[in-house]
Structure formats: C-alpha cells, structure tokens
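# Reading the structure
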Amino acid sequence: MTHLRTIHVRLNDPRTNKPAPCWVNILDSQQREYFPLSRTTRFPTGRAELVGGVLFEHGKRWFVNDGSFEILLPVEENLQISCNRGPHAPVLQQEMVIAPGQMTIRLTLPEPLPVSDEYCQVDARAHFVSPGYAALEGAAVGLDLVHLLITPADFPSPDGHLYETAVNTESFSGQAIAHSHENCQVVVNTLNTHTMRGRLGLLYCHRQVHPLSFGYLEDTDDWTLSDWRDQCHRKHGMAVWVDAYRAEKGLPGGEALALAVLGKIDALEFDEQPRQVSLLPHWYRLLNAGINLPIVGSSGKDSNRTAVGSFRTLTPKLPEFSHRTWTQQILTGQAVITRGPILQANINGQPFSSQLHLEASTVLHFGATVHSPTPGGTLEWLHQGKVIHKAIISEPLTKVDFQLEQHQSGWYAARIIDPSMREKSLIAHTAPCRVQVGEQGLPISKPATESCISEINATIEWVKTYGRFQQERNRTVILETCQAALDVLDRNIAIL
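This is a predicted model, so every value here is computed, not measured. (Residues numbered from 1 in each chain as written. Predicted model: local features only at pLDDT ≥ 70, side-chain atom pairs only at ≥ 80, totals over all residues. Heavy atoms only, no water.)

### Section: the overall build of the chain
Looking only at helices and strands, one finds 7 helices and 31 strands in the chain. Over its C-alpha atoms the chain spans a radius of gyration of 24 Å, differing by no more than 12% from the 23 Å that the globule rule assigns to 496 residues. Taking all 496 residues of the chain together, 55% fall into the buried category. Restricting the contact set of the chain to residue pairs at least 6 apart, pairs at least 24 apart contribute 69%. By element, 50% of the accessible surface of the chain is carried by carbon and sulfur atoms, the whole surface being about 21,500 Å². Placing the 43 positive and 51 negative side-chain charges of the chain at their respective mean positions leaves the two points 1 Å apart. (Helix = DSSP H or I, 4+ residues; strand = E, 2+ residues; numbered from the N terminus. Rg over C-alpha atoms; globule rule 2.2 N^0.38 Å. Buried < 20%, exposed > 50% of the residue type's maximum accessible area, 1.4 Å probe, protein only. Contact = heavy atoms within 4.5 Å. Areas by Shrake-Rupley, 256 points an atom, 1.4 Å probe, with all protein chains shown as cover. Lys, Arg positive; Asp, Glu negative; His and termini not counted. Charge placed at Lys NZ, Arg CZ, Asp CG, Glu CD.)

Structure follows, in structure tokens:
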C-alpha cells in the first residue's frame with residue numbers, strides 16, 4: 001500500500017525568491033494525479049460548471065496556486081511535477097522522489113521573458129469564474145488585467161428544472177477594480193447578446209446594461225445593439241464585437257456589422273474558443289471594404305477546459321494604467337493579439353499605430369522581432385490581406401527586416417501562423433496600420449464592399465420578416481441604422 005505524506009510545496013520566483021502563482025500538475029509513475037488538500041482531481045469541464053481554479057488541458061488536470069500549498073504525496077515513488085507560468089516562460093518539469101521523513105519541496109520557477117514586462121497583458125473576456133480565481137489565474141500566467149463579463153447560463157437543478165443564472169452579477173465593477181492578486185486586476189462588466197443580430201462585450205461600462213440577452217422564443221426583439229453601445233459610450237466605455245461570423249451565433253454580420261460600418265464598434269475580438277471557419281478572412285474583408293476595426297484577444301473562457309490568458313491582448317506598458325489609456329491604445333492600433341509569442345513590428349522604425357502618412361519618395365522599411373520560449377510557426381507581413389513577405393521562426397529570438405521599393409497605400413500588418421494547428425493556426429497578429437503614401441488614397445475593394453452590403457441587406461430582411469417588435473419604432477431604429485451603413489458603403493463604391 002502506498003504511503004502518503006503531507007508535503008509543503010513552495011514555488012519561488014527567481015527574481016524575488018518569493019512564492020509565485022502558477023499552474024501545477026503532479027503525476028506518479030502510474031499516471032495518477034495529485035491535488036492539494038483543498039482541491040479534488042474530480043471536477044466538471046462543461047460550460048458554466050464550477051469554473052475556476054482548475055484546468056483540464058491536453059489530457060492533464062492542473063490546479064492553480066499562489067506558490068505555496070500543502071499536498072498528500074506518495075513516499076518513495078517517482079513523481080513528475082510540471083509548473084506552467086503561461087506562454088512567456090518555459091514550463092518547469094521536475095522529477096523527484098519523496099524521501100522518508102521529507103516534509104517540504106522547494107523549487108525555483110523559470111523566469112519569464114524580460115521583454116514581457118514591457119507590455120500590459122490583458123484577457124478581454126472570460127465568464128463564470130469568480131473574480132478571486134480570475135485574478136489568481138491571471139497572475140499565474142503573467143496577465144495584468146482580466147475582463148470578466150457577466151452573461152446568462154442555464155443551471156440544471158436536481159429538481160428537474162433549468163434555472164437561468166447570471167454569475168458574478170453581484171460583483172459588477174464597471175470602471176473600478178473588482179479584485180486583484182499581485183499585479184493582476186479584474187474588472188467585471190457584461191456581455192450583451194441577441195440571438196441573431198450580434199453580441200457586444202461592454203468593457204468599462206459605468207453601469208450594468210440590460211437585458212443581458214434577448215431574441216429567444218419568449219422574447220421580443222425591441223432592444224438594439226445600438227442601445228447597448230450608446231450606454232457603454234456615455235462614460236467612455238468600450239464596445240467589442242464578440243463571436244463575429246460564428247454561424248451558430250446568428251446572422252453573418254448582423255446589426256453589429258452595420259454599427260462597425262458606422263464607426264460605432266471599437267474593436268473586433270479574436271478568442272480561444274473553437275471555430276468552424278476562421279475569422280481572419282472576414283476581418284480582412286471588412287478592412288478591405290474600408291471598415292477600420294482594431295482587435296483585442298481573449299480566452300473567451302467559459303469552462304475548465306480553457307485557461308485565462310490563453311489568447312490575450314498586448315499593448316505597450318505605460319507608467320500609469322487607466323481604462324481610458326488602455327482603450328485609447330486599442331483604438332489607435334497599438335495592440336497585438338497572441339497565443340504566446342511577443343510580436344513587435346514597425347514601419348520605417350515607427351511602432352504600429354492606426355494610421356501613418358509617408359511621402360511618396362519614401363522607401364517602406366518593415367521590421368519585426370519575435371520573442372518566444374517555444375519558437376515555431378511562420379512570420380508573415382501582409383498588405384491588404386495578401387502575404388508580401390514571410391520568414392520561419394526557428395529561434396527564441398527572431399528578427400526580420402525587408403523593404404519595398406514600390407510605394408503602395410493600404411493597410412499593413414504582421415502575423416504569425418502555424419497551419420498544423422488547423423482552426424487555431426493564428427498564433428499572433430498586429431492591429432492593422434493604414435499607410436497613406438503621398439497623395440494616394442487608401443484602397444477600397446469593390447467585392448469586399450458588395451459582400452458587406454449583401455450581409456446588411458440580409459439583416460434588413462430578417463428584421464422586416466422575422467423580427468418580433470411590440471413597438472414598431474424599435475424596428476424602424478434598426479432599419480435606419482442598417483440603411484445608414486448601406487449609404488456609407490454605397491458612397492465608398494461610388495468613389496471607386
């Protein structure tokens with residue numbers, strides 16, 4: 001019979017020599033897993049099921065901790081301890097045997113990439129996890145901020161009924177900090193959804209905006225995404241288009257597309273959740289149609305199968321952080337979204353921003369640096385969505401420089417992809433930088449614009465045919481929004 005002993009484990013940061021949060025997995029030679037005394041290796045992995053503090057990923061069960069915990073471990077048994085601090089630090093894997101009489105384990109965790117300290121690292125959307133666990137999980141993987149968004153979920157009660165719940169409603173914080181752990185802060189806001197017309201993450205909203213969801217069988221369709229967006233913007237909040245072009249989430253584009261055309265959507269979200277079709281071609285099409293959409297990255301965490309920060313947003317770290325400064329960085333194109341690598345890009349030595357004006361005689365110089373403890377994938381530079389240069393990332397530090405003699409206006413961006421990962425082939429992407437060279441105007445694609453027009457017309461048809469409105473003026477408001485977007489797109493085509 002295996003003898004178990006209570007062991008105190010301490011995991012230290014090499015820079016401070018103090019306990020540091022991280023994810024831990026402990027296995028014995030029989031592949032049995034061990035969790036601290038306060039946890040159990042049995043936990044649910046479905047949507048909204050006891051989310052937080054644990055993770056089932058790649059066939060392993062992990063628990064998050066603050067760097068110090070007590071655990072029952074077998075004596076004189078081969079053990080493997082894995083400690084994960086997120087994508088910017090190597091995973092520590094340590095084999096050991098607990099000797100008779102041993103009472104402690106002390107390990108030094110790997111140091112994160114020094115360059116990671118230059119960035120504010122944000123998960124733009126997670127659900128159902130408590131603010132306390134969100135802060136701890138974020139601190140464990142190097143995040144500075146987690147946006148925890150309230151959204152409804154069904155709770156299956158033992159009495160046989162489904163009860164709708166909205167986890168963390170009581171923790172709503174808007175523009176204030178709801179919880180923090182070390183350097184990671186958590187703010188609690190809302191995700192507002194319509195079954196067909198679109199979904200908006202309302203970040204830094206001054207109050208809860210209701211209804212959180214509508215458009216189901218028992219609902220009317222009287223509310224609009226414009227209502228939500230306008231409430232969010234009253235005191236400098238940020239409206240993010242969530243779940244764009246997911247077929248199971250409603251109309252292609254929907255009312256959210258009309259708002260994006262009108263410049264009323266602040267950013268488009270890329271998340272970690274599975275997709276049937278990549279979002280990249282849709283985003284590129286919108287950009288080619290002249291619809292400027294910055295980006296944010298999020299885990300979209302809604303179960304114990306996704307880690308907070310698995311997809312994240314990087315912006316240059318400022319001396320003082322505030323919701324207004326971060327929002328401004330997103331709006332001005334300073335963000336990089338990433339599943340791991342830190343991608344730094346510049347044009348003519350200037351860091352990325354939403355727009356750059358250059359003289360016609362200027363040669364375009366492009367530079368990029370990639371930092372990653374686990375190198376891999378291909379770095380690609382894009383112009384109007386087409387690859388103009390590529391390089392293999394084979395080292396922890398990769399630098400790429402090239403230049404274009406031909407001067408072309410348009411949007412440019414850099415990305416890292418790995419086709420072997422299929423639907424998660426996008427590893428990192430900069431926001432687009434719209435470069436105007438001399439007197440050249442920014443190009444607009446007629447096919448891309450016509451495609452957007454078709455999608456907005458489909459939304460108009462849905463509103464006219466299937467929309468259920470108690471007040472006809474609400475139908476009229478949505479139709480007027482869609483028509484205003486069509487007018488913008490028609491003018492763009494007329495200029496071509």
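Having seen it, we continue.
### Details of the packing of helix α4 (residues 280-288) against helix α6 (residues 446-465)
Packing of α4 against α6 brings their axes to within 8 Å, and their N-to-C directions diverge by 105°. What the angle tells us is that α4 and α6 run roughly perpendicular. Residue-level inspection shows R285, L286 and N288 of α4 in contact with α6, the latter providing A448, S451, C452 and E455. Looking at side-chain class alone, the contact of α4 with α6 contains 3 nonpolar, 2 polar and 2 charged residues. (Axes fitted to C-alpha atoms, helices over the stretch in contact; angles between N-to-C directions. Parallel < 35°, antiparallel > 145°, perpendicular 65-115°, else oblique. Nonpolar A, V, L, I, M, F, W, Y, C, P; charged D, E, K, R; others polar.)

### A word on the sheet that holds strand β7 (residues 92-97)
Read across the sheet, 5 strands follow the order β3-β4-β2-β6-β7 without closing on themselves; strand pairing throughout is antiparallel. Edge strands, defined here as strands with exactly one partner in the open sheet, are β3 (54-57) and β7. Neighbour to neighbour, the strand axes of the sheet diverge by 30° on average, direction disregarded. The pairing of strand β2 (residues 22-28) with strand β6 (residues 78-84) spans 6 bridges and is antiparallel. In the sheet register, W23 faces β6, and the bridge partner there is N84. (Pairing = 2+ DSSP bridges.)

### Notes on the packing of aromatic side chains
The tally for this structure, following the rule as stated, stands at 15 aromatic pairs. A connected cluster of aromatic rings, assembled from ring pairs, spans F352, F366, W381, F402 and Y412. (Phe/Tyr/Trp six-rings, centres within 6.5 Å; stacked < 30°, edge-to-face > 60°.)

### Comments concerning the nonpolar core
Ranked by size, the top nonpolar core spans 52 residues in total, and within it W241, L257, F270, W283, I291, L293 and I456 carry the most contacts. If one sorts the elements of this core by residue count, α6 sits on top with 7 residues. Excluding residues that lie within four positions of it along the chain, I456 makes contacts with L257, A258, V261, C482, A485, L486 and L489. (Core = buried A, V, L, I, M, F, W, Y, C linked by side-chain atoms within 4.5 Å.)

### As for the sheet that holds strand β28 (residues 397-404)
Note: strands within a sheet are paired through backbone hydrogen bonds, in either parallel or antiparallel orientation. Reading across from one edge, β23-β22-β25-β28 is the order of the 4 strands in this open sheet, with antiparallel pairing throughout. Here the strands that pair on one side only, and so sit at the sheet edges, are β23 (350-351) and β28. Looking at chain direction, strand β25 (residues 364-371) and β28 are connected through 8 bridges and run antiparallel. Note that in β28 the partner of G367 across the bridge is D401.

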